[in-house]
Amino acid sequence: MKGKIAVQFDYIAKKGWKPDKKNYLVTLLKVELDKEAVKEARYSHSKKFSEKKLRNTLFEEAAATVAAESSTGTWTKVYDGKDSGIPLAHKLRALVFDLDYKKNMFKIAYPIELFELNNVSGLLAGIVGNIAGMKMVSAMRVYDVYFPERMVKAFPGPRFGVLGVRKLLNKKKGCLVCTVPKPKIGRTDKEQAELAQILFNSGNGTYEGIKDDENLTHLKFNDFYKRCKWVLEKAREAEKRTGNKKFYLCNTTHSDINEMLKRAKSIKDNGGIFMMMDVVTTGFSAVDTVRRNNPGLAIHAHRAMHGFLTRDNSPGIHGEGKLYGFSVSMIFLAKLFRLMGVDSLHGGSPLAKMEDYGEAEYIQKVLQGKNVKPHFKIPTLGQDWHHIKPVWMVASGGLHPGDFEAILDKLGEDIILQCGGGLLGHPDGIEAGVIAIEEAREIYEKKIPVKKFVEENKESALAKAIEHWGYGPKIVY
Ligand code: CAP
Ligand code: MG
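If you're wondering where the values come from, they're calculated on a predicted model, not measured in any experiment. (Residues numbered from 1 in each chain as written. Chains lettered and ligands numbered in written order. Predicted model: local features only at pLDDT ≥ 70, side-chain atom pairs only at ≥ 80, totals over all residues. Heavy atoms only, no water.)

Colleague: Please give an account of the site of ligand 1 that cites residues and values.
Modeller: As a structural note, the neighbourhood of ligand 1 is formed by 16 residues, with Lys211, Arg303, His346, Ser396 and Gly398 the closest of them. Taking Gly420, its main chain carries an N or O atom lying 2.8 Å from an oxygen atom of ligand 1. For ligand 1, whose free accessible area comes to 470 Å², the fraction covered by protein is 88%. (Near = heavy atom within 4 Å. Polar contact = N/O pair within 3.5 Å; in protein donor to acceptor, adjacent residues only side chain to side chain. Areas by Shrake-Rupley, 256 points an atom, 1.4 Å probe, with all protein chains shown as cover.)

Pasting the structure below:
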């Protein structure tokens with residue numbers, strides 16, 4: 001049958017078999033069978049097969065082919081004499097288990113000897129390298145990956161994590177707030193520093209952060225080195241004036257890792273504590289290299305372009321129903337980036353975009369939990385993180401002060417709440433935008449319900465923001 005390659009060995013475990021978690025890496029996937037493949041299979045399989053038997057057999061062959069293609073498989077029988085490598089290929093073959101014939105879902109257990117323990121790029125080339133090209137499947141989603149202890153321990157993990165950044169900011173509790181300037185491109189380096197000054201000093205002076213947008217790098221009218229220097233100068237001045245620590249998520253993204261490291265050094269030299277990098281567009285090697293070579297900065301991971309990997313509008317996105325495309329979940333990516341040692345990662349926000357399946361809340365657990373259990377509904381495997389520190393989750397995307405209560409209720413306080421338009425679009429101007437967010441955070445920490453506060457403080461900046469945007473994130477269309 002076209003695309004069938006699991007000919008050399010048997011890649012399906014005996015019914016009921018389970019891998020021991022110490023020696024296997026596990027992935028969780030769902031496939032749709034290609035119509036052509038089903039038609040072809042009808043001829044190549046015995047006519048006696050019922051429709052159901054045929055489908056189940058095909059599903060098994062597809063799952064086995066995924067396991068073969070991502071471990072030791074070949075598309076045809078090959079020479080298996082002395083020195084052929086076949087005995088070891090047989091021993092190290094991946095095994096399919098926990099087949100769900102109704103949902104076309106299955107798990108694959110990979111003997112850990114298949115991988116170089118501290119090499120994420122090599123790992124991905126294996127487990128998801130070739131499988132999306134298989135002709136016998138018309139759609140596939142990789143929902144999750146489970147790293148065994150030996151692989152987790154091969155990574156240093158985040159240098160700072162939640163507690164380390166709290167120490168740097170002298171902020172024992174509560175969420176962090178920051179703003180990405182809008183328009184996302186347009187201000188000069190000097191104008192961005194002026195905006196930072198307003199953010200850092202307005203209201204009670206508690207506003208902590210400013211972040212570069214993903215496409216703000218080193219531009220003619222906004223020079224990275226000037227922006228970095230001037231914004232951090234404003235941060236230092238504001239810290240003196242307000243007594244509150246500030247942070248700047250300064251975007252070092254560049255396709256030359258050496259240039260990124262040079263920009264990181266400039267941040268360090270100017271007294272910054274965070275560097276920002278777009279982790280999908282720079283890639284896994286960049287994240288690993290920056291983590292292992294960076295000059296002691298917290299790494300803020302923005303996820304621009306992730307939508308082309310994680311987005312899937314089909315009903316099967318969370319297991320039930322059909323899949324129409326090829327994707328990996330944000331849970332899968334979030335695990336990889338925590339393992340590689342970023343200190344904060346954009347993980348989506350509840351209710352916004354397509355995350356209202358509870359995925360954003362589960363991502364908070366993936367980023368901050370120690371022994372994470374599988375989700376009760378979303379197909380997941382859980383994870384034991386051992387020494388890997390909890391990292392900040394960034395909630396962002398159409399957020400405004402009217403969302404603080406709902407988001408903090410769902411995600412807890414170890415989050416960075418990012419409001420771009422939700423601050424700069426305040427009807428009474430930028431300073432009012434800062435004050436509205438200060439009020440939203442403060443009343444939450446004092447356990448004052450937002451609706452009660454707004455009722456009793458109609459003229460407040462927060463009340464004006466909610467009059468303007470209501471409650472609930474503005475979905476970015
Ligand atoms: C969000 C984002 C957007 C902000 C825009 C960022 O990334 O790309 O620019 O959400 O601000 O840079 O933070 P994620 P707002 O969706 O990956 O978090 O939507 O508040 O106007
Ligand atoms: Mg952005």
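Resuming the write-up.
Colleague: So what's going on with the packing of aromatic side chains? Which residues, and what values?
Modeller: Within the structure shown, the criterion is met by 10 aromatic pairs. Between Trp17 and Tyr24, the ring centres sit 5.6 Å apart and the planes meet at 80°, which makes this aromatic pair edge-to-face. The class of Trp17 is partly exposed, set by a relative accessible area of 25%. In this structure Tyr24 comes out as buried when scored by relative accessible area, which is 18%. Taken together, a centroid distance of 5.5 Å and an interplanar angle of 10° make the contact between Phe284 and Phe337 stacked. (Phe/Tyr/Trp six-rings, centres within 6.5 Å; stacked < 30°, edge-to-face > 60°. Buried < 20%, exposed > 50% of the residue type's maximum accessible area, 1.4 Å probe, protein only.)

Colleague: Describe helix α7 (residues 189-201), naming the residues involved and giving the relevant values.
Modeller: Spanning 13 residues, α7 covers 19 Å between terminal C-alpha atoms, matching the ideal 18 Å at 1.5 Å per step. All buried positions along α7 are accounted for by Asp189, Gln192, Ala193, Leu195, Ala196, Leu199, Phe200 and Asn201. Taken from the residues just after α7, Gly203 is the one with a positive phi, measuring 60°. (Helix = DSSP H or I, 4+ residues; strand = E, 2+ residues; numbered from the N terminus. Expected span 1.5 Å × (residues − 1).)

Colleague: Which residues make up the environment of Val328, and what are the values?
Modeller: In this fold, Val328 is placed in strand β10 (residues 326-328). Residue classification places Val328 among the buried residues on the basis of a relative accessible area of 14%. Counting along the chain gives 21 residues from Val328 to Gly307, while the straight-line C-alpha distance between them is 9.9 Å. Val328 has contacts with Arg141, Val142, Leu309, Thr310 and Leu333, leaving out every residue within four places of it along the chain. (Contact = heavy atoms within 4.5 Å.)

Colleague: Which residues make up the pattern of salt bridges, and what are the values?
Modeller: Should the charged atoms of two oppositely charged side chains come close, the side chains can pair. Counted under the stated rule, the structure contains 26 salt bridges. One salt bridge connects Lys18 with Asp98, and the closest N-O pair in it is separated by 2.7 Å. In this pair, Lys18 is assigned in the segment before β1 (24-33) and Asp98 in strand β2 (residues 95-100), connecting sequence segments 80 residues apart. You can call Lys18 exposed: its relative accessible area is 51%. (Salt bridge = Lys/Arg side-chain N within 4 Å of Asp/Glu carboxyl O.)

Colleague: Before we move on, could you go through unusual backbone geometry and cite the residues and values that matter?
Modeller: Here Lys182 and Pro183 are connected by a cis peptide whose omega angle stands at 0°. Mapped onto the elements of the fold, Pro183 is located in the loop between β5 (176-179) and α7. The backbone phi angle of Asp83 is positive, close to 60°, even though this residue is not glycine. Within the secondary structure layout, Asp83 lies in the loop between α2 (51-69) and α3 (86-91). Even without a glycine there, the phi angle at Met305 is positive, about 85°.

Colleague: Before we move on, could you go through the pairing of strand β14 (residues 392-396) and cite the residues and values that matter?
Modeller: On any regular strand, side chains alternate: one points to one face of the sheet, the next to the other face. Counted residue by residue, β14 has 5 buried out of 5 residues, so it is predominantly covered. Inspection of the sheet shows strand β11 (residues 344-346) paired to β14 by 3 bridges, in the parallel sense. If you follow His346 over to β14, its bridge partner there is Val394. Two strands pair when backbone bridges link them, and β14 and strand β15 (residues 415-418) are joined in this way by 4 bridges, in the parallel orientation. Paired with Met393 across the bridge in β15 is Ile415. Tracing the backbone out of β14, into helix α15 (residues 404-411) and back to the parallel element β15 gives a crossover that is right-handed. (Pairing = 2+ DSSP bridges. Right-handed = clockwise from strand over helix to strand, strands pointing away.)

Colleague: Any details on the packing of helix α1 (residues 35-44) against α2? Residues and values, ideally.
Modeller: Running from N to C, α1 and α2 point in directions that differ by 115°, and their axes come no closer than 11 Å. Relative to α2, α1 is oriented roughly perpendicular. Classified by chirality, the crossing of α2 by α1 is right-handed. Here Ala37, Val38, Ala41 and Arg42 of α1 lie close against α2, whose contacting residues are Glu51, Leu54, Arg55 and Leu58. A class-by-class count of the residues in the contact of α1 with α2 yields 5 nonpolar, no polar and 3 charged. (Axes fitted to C-alpha atoms, helices over the stretch in contact; angles between N-to-C directions. Parallel < 35°, antiparallel > 145°, perpendicular 65-115°, else oblique. Left-handed = near helix turned anticlockwise from the far one by under 90°. Nonpolar A, V, L, I, M, F, W, Y, C, P; charged D, E, K, R; others polar.)

Colleague: Pulling in residues and values, what's your account of the sheet that holds strand β7 (residues 247-251)?
Modeller: Pairing is parallel in the closed barrel, where 8 strands are placed in the order β5-β6-β7-β8-β9-β11-β14-β15. Between one strand and the next, the sheet's axes are offset by a mean angle of 25°, whatever the strand orientation. Relative to strand β6 (residues 209-211), β5 runs parallel, the two being bridged by 2 bridges. The residue bridging Thr179 from the neighbouring strand is Ile210, located in β6. Relative to the sheet, helix α6 (residues 161-169) contacts β5, β7, β8 (274-278), β9 (298-302) and β14, its axis offset from that of β14 by approximately 80°.

In short, shape yes, function no, at least from these values alone.
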